[in-house]
Amino acid sequence: MEIPPLDEYPRPLMQRKSWINLNGYWDFSVNKDGREDYRTKILVPFPPESINSGIKRITGPDEVLWYRRPIHIKVKPAHRLIIHFTAVDYACDVFINERRLAHHEGGYLPFSVDITDHISGDDFMLRVRVTDPSDTGSQPRGKQRLKPSRIWYTPFSGIWQSVWMEQIPDDHIENLFICPDFDNTGVTITVKTSRMESEDAEILFEGRKTTIRTNTRNFLSIQEKRPWTPDNPYLYRFSIRYKDDEISSYFGLRKFSIEKGADGTKRLALNNEAIFHHGILDQGYWLDGLSTPSSDDEMVNYSLLAYA
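Read on for an overview of the structure. (Residues numbered from 1 in each chain as written. Predicted model: local features only at pLDDT ≥ 70, side-chain atom pairs only at ≥ 80, totals over all residues. Heavy atoms only, no water.)

## Describing the environment of tryptophan 26
Looking at where tryptophan 26 falls in the secondary structure, it is placed in strand β2 (residues 24–31). A residue is classified by how much of its surface remains accessible, and tryptophan 26, at 0% relative accessible area, is buried. Between the alpha carbons of tryptophan 26 and glutamine 15 there is a distance of 25 Å; along the sequence they are 11 residues apart. If sequence neighbours within four positions are ignored, tryptophan 26 has contacts with Thr40, Lys41, Ile42, Val44, Tyr67, Arg68, Arg69, Leu126, Val128, Ile159 and Val163. At 2.8 Å, the side chain of tryptophan 26 and the backbone oxygen of leucine 22 are in polar contact. (Helix = DSSP H or I, 4+ residues; strand = E, 2+ residues; numbered from the N terminus. Buried < 20%, exposed > 50% of the residue type's maximum accessible area, 1.4 Å probe, protein only. Contact = heavy atoms within 4.5 Å. Polar contact = N/O pair within 3.5 Å; in protein donor to acceptor, adjacent residues only side chain to side chain.)

## Focus: the side chain of arginine 127
Along the chain, arginine 127 turns up in strand β10 (residues 123–131). Of note is the side chain of arginine 127, whose polar atom sits 2.6 Å from the side chain of glutamate 36. Polar contacts involving the side chain of arginine 127 include one to the main-chain carbonyl oxygen of asparagine 97, which spans 2.5 Å.

## Quick word on the pairing of strand β17 (residues 217–221)
Alternating positions in β17 separate cleanly, Asn218 and Leu220 being buried on one face and Arg217, Phe219 and Ser221 remaining unburied on the opposite face. Relative to β17, strand β14 (residues 186–193) runs antiparallel, the two being bridged by five bridges. If you follow isoleucine 189 over to β17, its bridge partner there is asparagine 218. (Pairing = 2+ DSSP bridges.)

## Digging into the pattern of salt bridges
One pass over the full model with this rule turns up 26 salt bridges. A salt bridge links aspartate 200 to arginine 213; the shortest N-O distance between them is 2.7 Å. In this pair, aspartate 200 sits in strand β15 (residues 200–205) while arginine 213 sits in strand β16 (residues 208–213), placing the two residues 13 residues apart along the sequence. Using a relative accessible area of 47% as the deciding quantity, one classes aspartate 200 as partly exposed. Take arginine 213: its relative accessible area is 33%, and that puts it in the partly exposed class. Put simply, Asp171, Arg195, Glu197, Glu199 and Lys243 are held in one network by salt bridges that share partners. (Salt bridge = Lys/Arg side-chain N within 4 Å of Asp/Glu carboxyl O.)

The following block contains the structure:
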């Protein structure tokens, strides 16, 4: 089976072991009258303007993009089936079979759709309708322009970040908030759950298991202080179990602040020590994917090449 593009887990700060990558070839339609006329395929999650997508043409503000792919999955008892869209530019409607379940606007924001109560059996059709006014609208769009030149870039539209799916228990972790405390050598972790009640959960951190409470702030002391720095970007990793749900995550123990030096000048400080901050502006697109890199490795290798 061919590995889909961008097969890395899309949400590493709250990662579950089981997930399904929906990237790959989808049926694709684009026209001005909005009809679904699937005559070609597009490689998701690359925007249709990119080479990687297989479409390679700019979408007009008066055109409608349709995406379609069949899905086969057996939903476990007492579980929810969630589809996650990491980014779709700009206005998006999500359909399961013929029913519209969600509308979302915002080309740079992720959103999720719980489709559990809208499917029957193990097969359904996922359809996505997208419109993008590009620079004819007032929405945030960066430097996208329909007629790119000089400092203005090629526009991108449609699905341009990973689409993925996961099954989660009815009682599950919905969100995770991590706040490292460098001065007190600890970390505050808040686990938001679907029940919104304060209940017990178990955290495995620094080789020891500890009980914490959900939907409230929990301060954990760090036994071995290893500050995060650019030269040694050490990450603390941990996992949390809440009922039948389990996630893993990480954080770096670091602190950013503004501190006065001996001469009274305020300077940016990392871990309470002044650090020289040399900001490099890198706003270029990827050669074949425009807004979307072909892989995580491409991002790493490009960064090493650009800033060596």
